[in-house]
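# A structural walkthrough
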Amino acid sequence: MHGFHLKNNRWHSDGVPLSRIAEKVGTPCYVYSLPAFESQFGEIDRAYRSVPHLVAYSLKANGNLSVIRALARLGSGADVVSGGELFKARKAGVPAEKVIFAGVGKTDDEIAYALKEGIGYFNVESIPEIKAINEVARKMKKIAPIAIRFNPDVDPHTHHYITTGKKETKFGVYLGDLELVMKTVRECRSVRWTAVHAHIGSQMTQTGPVGMAARVVEKLVLRLRREGFAIHTVNLGGGYGIDYRGEKPPKASQYARLVLPVIQRLNATLILEPGRFISGNSGVLLMRVIYVKQSGSKTFYIVDAGMSELIRPSLYDAYHRIAPALGPQKPVKTVDVVGPICESGDFFAKNRKLPLARRGDLLVVFSAGAYGSVMGSTYNARPLPPEVVVRGTRFQVARQRQTWQDLVRLEKIWS
Ligand code: LLP
């Protein structure tokens, strides 16, 4: 787990014991190792250094401003999917021209905001969207730079909820509609089409599907060039998987071995949109055991975090490693680790062998740096937890814990 290690029987983030952070800021809380984010970014960036490229970090995985800022300093761009994410990227210092705006449902207001900022590309997902962007740009007397996302119909072999490149998903333009896309773009004088985008899925653990998608894109670009479109940029999305439970995901260089030849043959610029690869194992969630509950033969560790802090186990049946922050790590009991929320789906692990815990013990949930905080909610009126960033022996609260006051701030009682 990059950035997290066991030293003297205590889990640390860089040089800081996680127990010290929990004592200082309370639980639940997320802890992010900034050097871990940076080194993951560096791995991808280096793998593609032989071609002109932009790594546009996918904010949807972890949108903490300190994280975005750290990556932006290394030259990262931002893959955003809403006006809110665009706002955050800009606030954290990502240059507008390094922002890629994706998503199937961009509103006119969001399109106008992005045009005003001067973003690098709209990743366009449908024919009506081409027309909408054209119309907004025309009114603003601007030319909108677009990449069209095609659905290469490649199976990424991952969870079906995060499969996006098969033709039955809502994402991207069906390749069979290519003629219509070309006709539409020719009629739209306020868009400039210079890039093709394909993202096939998330948490991929094989390189094959990426290679296949790259080859589909290569053929497509050649065809479009023959048709007179000056396509000079290829965006192959994100989706590089990470180790949650012993998977052996490919290294960035292994994907690069398949992708680079395509980019070189096309003499194109490459854009990538990794989220999880950079953030997943760069963050953890800290939580304390509130009760150890025995129910017949079952043992429950009831903890102070729940699906409101990390919904992945509930939503995808996802596996996250869990360990005590202190003390012996030997598994001695089979337990369910569950949250306090009033849903039977509120769990972190079922029938997991974990060391004996006592009320008050601190537990670490690993691989919580991606799709943790960003998918958080205040369900059951639970304030959002703080996010802490660590560098070396120092740490800082990068986002404060919400208060009960925050929970009602926007409400007005109708009396
Ligand atoms: N680009 C596009 C167009 C995407 O749809 C996504 C993720 C990414 C990039 C970044 O993918 P990554 O490198 O992080 O795999 N909540 C789910 C994951 C949803 C992914 C959605 N799209 C989870 O917790 O597993």
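Rules and cut-offs
- Residues numbered from 1 in each chain as written.
- Predicted model: local features only at pLDDT ≥ 70, side-chain atom pairs only at ≥ 80, totals over all residues.
- Heavy atoms only, no water.
- Helix = DSSP H or I, 4+ residues; strand = E, 2+ residues; numbered from the N terminus.
- Polar contact = N/O pair within 3.5 Å; in protein donor to acceptor, adjacent residues only side chain to side chain.
- Contact = heavy atoms within 4.5 Å.
- Buried < 20%, exposed > 50% of the residue type's maximum accessible area, 1.4 Å probe, protein only.
- Arc of directions from axis to C-beta.
- Near = heavy atom within 4 Å.
- Areas by Shrake-Rupley, 256 points an atom, 1.4 Å probe, with all protein chains shown as cover.
- Nonpolar A, V, L, I, M, F, W, Y, C, P; charged D, E, K, R; others polar.
- Domains from an automatic or database assignment.
- Salt bridge = Lys/Arg side-chain N within 4 Å of Asp/Glu carboxyl O.
- Axes fitted to C-alpha atoms, helices over the stretch in contact; angles between N-to-C directions.
- Parallel < 35°, antiparallel > 145°, perpendicular 65-115°, else oblique.
- Left-handed = near helix turned anticlockwise from the far one by under 90°.
- Core = buried A, V, L, I, M, F, W, Y, C linked by side-chain atoms within 4.5 Å.
- Buried area = accessible area lost by both parts, 1.4 Å probe.

Before going further, it helps to spend a moment on the side chain of Thr27. Tracing the chain through its elements places Thr27 in the loop between α1 (18-25) and β4 (29-33). Looking at Thr27, its side chain comes within polar contact range of the side chain of Asp304, at 2.6 Å. Those residues in contact with Thr27 that lie beyond four places of it in its chain are Ala22, Leu286, Met287, Arg288, Asp304, Leu362 and Arg401.

A few words on α1. Leu18, Ser19, Ile21, Ala22 and Val25 are the residues of α1 that are buried. Angular distribution of buried residues about the axis of α1 spans 160°; they occupy a single face of the element. In α1, the exposed residues that point more than 90 degrees away from the buried face are Glu23 and Lys24. Positive phi appears at Gly26, one or two residues downstream of α1, with a value of about 85°.

Moving on: the site of the ligand. Contacts to the ligand come from 19 residues, most closely from Ser202, Glu273, Arg312, Tyr316 and Tyr371. A distance of 2.3 Å is found between an oxygen atom of the ligand and a side-chain nitrogen or oxygen belonging to Ser202. Between the ligand and the protein, one listed contact pairs an oxygen atom with a backbone N or O atom of Gly275 at 2.9 Å. Look at the ligand: alone it shows 590 Å² of surface, and the protein chains cover 92% of it. Here the shell around the ligand is built from residues that sort into 5 nonpolar, 8 polar and 6 charged. For the shell around the ligand, the domains that each give at least three residues are domain 1 (4-32 + 280-408) and domain 2 (34-276).

Moving on: the pattern of salt bridges. Applying the stated criterion across every chain, the model contains 16 salt bridges. With a shortest N-O distance of 2.9 Å, Arg149 and Glu125 are connected by a salt bridge. Of the two residues, Arg149 is situated in strand β9 (residues 144-151) and Glu125 in the loop between β8 (121-124) and α6 (127-139); the sequence distance between them amounts to 24 residues. Each of the two residues, Arg149 as well as Glu125, counts as buried. In this structure, Glu179 and Arg223 form a salt bridge, with 2.8 Å as the shortest nitrogen-oxygen distance. Taken together, the residues span a long stretch of sequence, with Glu179 in helix α7 (residues 178-187) and Arg223 in helix α8 (residues 208-226) at a distance of 44 residues. Beyond isolated ion pairs, a larger network of salt bridges with shared partners links Glu179, Arg186, Arg223 and Glu227.

The interhelical angle for the contact between helix α3 (residues 65-73) and helix α4 (residues 83-91), taken along N-to-C directions, is 60°, at an axis separation of 9 Å. With respect to α4, the axis of α3 lies oblique. In the packing of α3 onto α4, the handedness of the crossing is right-handed. Residues Leu65, Ile68 and Arg69 of α3 touch α4, and the partners they reach there are Lys88, Ala89 and Lys91.

What follows deals with the packing of helix α5 (residues 108-117) against α6. Packed helices, taken two at a time, are described by the angle their axes make and the gap between the axes. The interhelical angle for the contact between α5 and α6, taken along N-to-C directions, is 55°, at an axis separation of 10 Å. Put simply, α5 runs oblique to α6. Judged by the twist between their axes, the crossing of α5 over α6 is right-handed. Each of Asp108, Ile111, Ala112 and Leu115 in α5 lies in contact with α6, whose residues at this interface are Ala132, Ile133, Val136 and Ala137.

On to the nonpolar core, then. By size, the foremost hydrophobic cluster in this structure holds 99 residues, and its most contacted members are Tyr48, Phe122, Ile148, Trp193, Val337 and Phe348. Ranked by residues supplied to this core, first place goes to helix α9 (residues 252-266) with 8 residues. Apart from residues lying up to four places away in sequence, Tyr48 is in contact with His53, Tyr240, Ala252, Tyr255, Ala256, Val259, Leu260, Leu270 and Leu272. Counting residues in hydrophobic clusters, the runner-up holds 18 residues, among them Ala22, Ala323, Val364 and Phe366.

Once the domains are mapped, the protein shows domain 1 (4-32 + 280-408) and domain 2 (34-276). Centre-to-centre separation of domain 1 and domain 2, based on C-alpha positions: 32 Å. A combined buried area of about 2100 Å² lies between domain 1 and domain 2, and 53% of that area is made up of carbon and sulfur atoms. When the buried surface of domain 1 facing domain 2 is broken down by residue, Tyr319, Tyr371 and Arg391 rank first, second and third, together holding 26% of it. A salt bridge links Arg391 to Glu38; its shortest N-O distance comes to 2.6 Å. Taken together, domain 1 and domain 2 are joined by 10 residue pairs in polar contact (both at pLDDT 80 or more). Of all the secondary-structure elements, those providing two or more residues to the side of domain 1 that touches domain 2 are α11 (312-316), β20 (387-391) and β21 (394-399). No other element matches the 4 residues that β20 contributes to the side of domain 1 that touches domain 2.

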